[in-house]
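One letter stands for each residue in the lines below.
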Amino acid sequence: MKIITIIGARPQFIKHFPFEKACEGRLELKTIHTGQHYDANMSEIFFDQLGMKKPDYTLSTGSGNHGEQTASMMVEIEKIVLLEQPNGIVVYGDTNSTLAGALVASKLHIPIFHIEAGLRSFNKKMPEEVNRILTDHISDLLFTPSEAAKLNLTNEGITKGVYVIGDIMKDLIKYVKEKDLIGVRPIQESYYYVTLHRPYNTDDRERLKYILENLNDLSSKVIMALHPRTKNLMEKYSIDLNQFSNISFIEPQSYFHNLTYLTFSDGLITDSGGMQKEAYWLNKNCITIRTETEWIETVTLGGNVLVFDDLTLIQNAIDKSIENWDSNLYGDGNAATQIVNKIVGYV
Ligand code: UD1
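Residues numbered from 1 in each chain as written. Predicted model: local features only at pLDDT ≥ 70, side-chain atom pairs only at ≥ 80, totals over all residues. Heavy atoms only, no water.

### A few points about the overall build of the protein
Next up, step 1: What the protein contains, in helices and strands, is 15 helices and 13 strands.
Next up, step 2: Here the C-alpha radius of gyration of the protein, 20 Å, is about what a compact globule of 347 residues would show, namely 20 Å.
Next up, step 3: Its C-alpha atoms give the protein principal-axis dimensions of roughly 55 × 45 × 40 Å.
Next up, step 4: In the protein, of all internal contacts separated by at least 6 residues, the share reaching a separation of at least 24 is 70%. (Helix = DSSP H or I, 4+ residues; strand = E, 2+ residues; numbered from the N terminus. Rg over C-alpha atoms; globule rule 2.2 N^0.38 Å. Contact = heavy atoms within 4.5 Å.)

This is the structure in structure tokens:
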């Protein structure tokens, strides 16, 4: 039984690791890397560090407008799928690579298995929202991290093939904890850890400056891992890194290093999806610079606070202490095995 899986952006390399392991001896797995993320520290480093197999196919899609990027992936993915004739295609999450893979599979009548299905921000201006809605509606098996995600699908009339299996990213956190893979404290000073890359926070010069100025005013030092999108835009807008004396800018981090920075921080400030959960699982306060989140449970449980217009609210929110962390949030860290069981039973 042959499965093709599509990966392309940083969070997908992470999600792919537990799945690849769970497939061993059970499913023949071929991997297509679309090349959406191509810098070594956005891509290669994850394969090396996690010891994953190199992709069977690597496309050279690169950056571009959404239509162009998605279309060019589709052209190449289709050729490979026709050649390989898989029994199913696995896609993760909500990036343009996810949608490209799902659309190709759908046109060729190949079953689609969507990992991290049912998430909704209810903000269709986000490209990810459109990607995930469309992918869910053409998927045959939909693996959701939570009951709320399942309910989102029910509300859209999708009830067949839906399984609540928890979050595959928790499989990795469990692995990291079991193998004790968190590194040593990076600096002695206390600090907040920051990542930022969403277009609505980075693409407008004034918005980006406003965020950086507010981070610069926080009471503890800020360590900010700079996504290439954000870095490129800061250059384009002539925003000088040196004017923010409270912020240390560092390169995008590998998986284990990122978790190490998070673990020893006094809290996370982010607009990433995955890191909101990682912060929760590591019992770190999270401030999400967005007006909404797909990971609503982290907010209702008190571990995550949304701020957007008034960023002076960050300081109080990040310093509050939380008594009870729900260790069962998004499952027990065995999602990948359950996914493989369902796929084997389906194809
Ligand atoms: C993409 C995903 C987003 C995910 C994020 C994780 C979509 C629509 N968005 O956003 O859901 O949270 O990845 O990082 O698929 N760039 C480089 N080198 C790279 C990759 C990107 O320089 O290796 C720069 C380019 O200038 C590019 C920009 O970053 O134009 C944006 O990259 P892109 O993959 O289009 O979107 P992300 O913002 O990374």
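### A word on the UniProt feature "domain: UDP-N-acetylglucosamine 2-epimerase" (unreviewed entry) in the protein
Next up, step 1: Within this numbering scheme, the UniProt entry marks residues 25-343 as carrying the feature "domain: UDP-N-acetylglucosamine 2-epimerase" (unreviewed entry).
Next up, step 2: For residues 25-343, the end-to-end C-alpha separation is 14 Å, with 41% helix and 16% strand making up the annotated structure. (UniProt positions renumbered as here; feature names shortened; annotations may be inferred.)

### Here we look at the sheet that holds strand E10 (residues 247-250)
Next up, step 1: Read from one edge of the open sheet, 6 strands run E10-E9-E8-E11-E12-E13, paired in parallel fashion. The outermost strands of the open sheet, each flanked by one partner alone, are E10 and strand E13 (304-307). Adjacent strand axes in the sheet meet at a mean angle of 20°, parallel and antiparallel pairs treated alike.
Next up, step 2: Where helix H11 (residues 255-263) meets the sheet, it contacts strand E8 (191-196), strand E9 (221-226), E10 and strand E11 (268-270), and its direction lies at approximately 135° from that of E8. (Pairing = 2+ DSSP bridges. Axes fitted to C-alpha atoms, helices over the stretch in contact; angles between N-to-C directions.)

### Structural notes on unusual backbone geometry
Next up, step 1: With a phi close to 60°, Phe122 is a non-glycine residue in the positive phi region.
Next up, step 2: As for its position among the elements, Phe122 is in the loop between strand E5 (112-115) and helix H5 (127-137).
Next up, step 3: Phi at Ser238 is positive, roughly 50°, even though this residue is not glycine.
Next up, step 4: Structurally, Ser238 is set in the loop between helix H10 (228-236) and E10.

### Overview of helix H7 (residues 168-178)
At 3.6 residues per turn, the α-helix brings residues three or four places apart onto the same side.
Next up, step 1: For H7, every residue scored as buried is listed here: Ile168, Met169, Lys170, Asp171, Leu172, Ile173 and Val176.
Next up, step 2: Looking at the buried side of H7, the elements it contacts are helix H1 (10-23), helix H2 (44-50), E5, H11, helix H12 (274-281) and helix H15 (335-346).
Next up, step 3: Measuring from the backbone nitrogen of Met169 back to the side-chain oxygen at the start of H7 gives 2.7 Å, which picks out Asp167 as the cap. (Buried < 20%, exposed > 50% of the residue type's maximum accessible area, 1.4 Å probe, protein only. Polar contact = N/O pair within 3.5 Å; in protein donor to acceptor, adjacent residues only side chain to side chain.)

### Digging into the site of the ligand
Next up, step 1: Lining the immediate environment of the ligand, one finds 21 residues, of which Gln36, His37, Asp39, Glu128 and Arg229 sit closest.
Next up, step 2: With respect to the ligand, the backbone of Tyr38 contributes an N or O atom lying 2.9 Å from an oxygen atom.
Next up, step 3: At 3.1 Å, a side-chain N or O of His197 approaches an oxygen atom of the ligand.
Next up, step 4: When the ligand sits alone it has 740 Å² of accessible area, and the protein chains cover 88% of it. (Near = heavy atom within 4 Å. Areas by Shrake-Rupley, 256 points an atom, 1.4 Å probe, with all protein chains shown as cover.)

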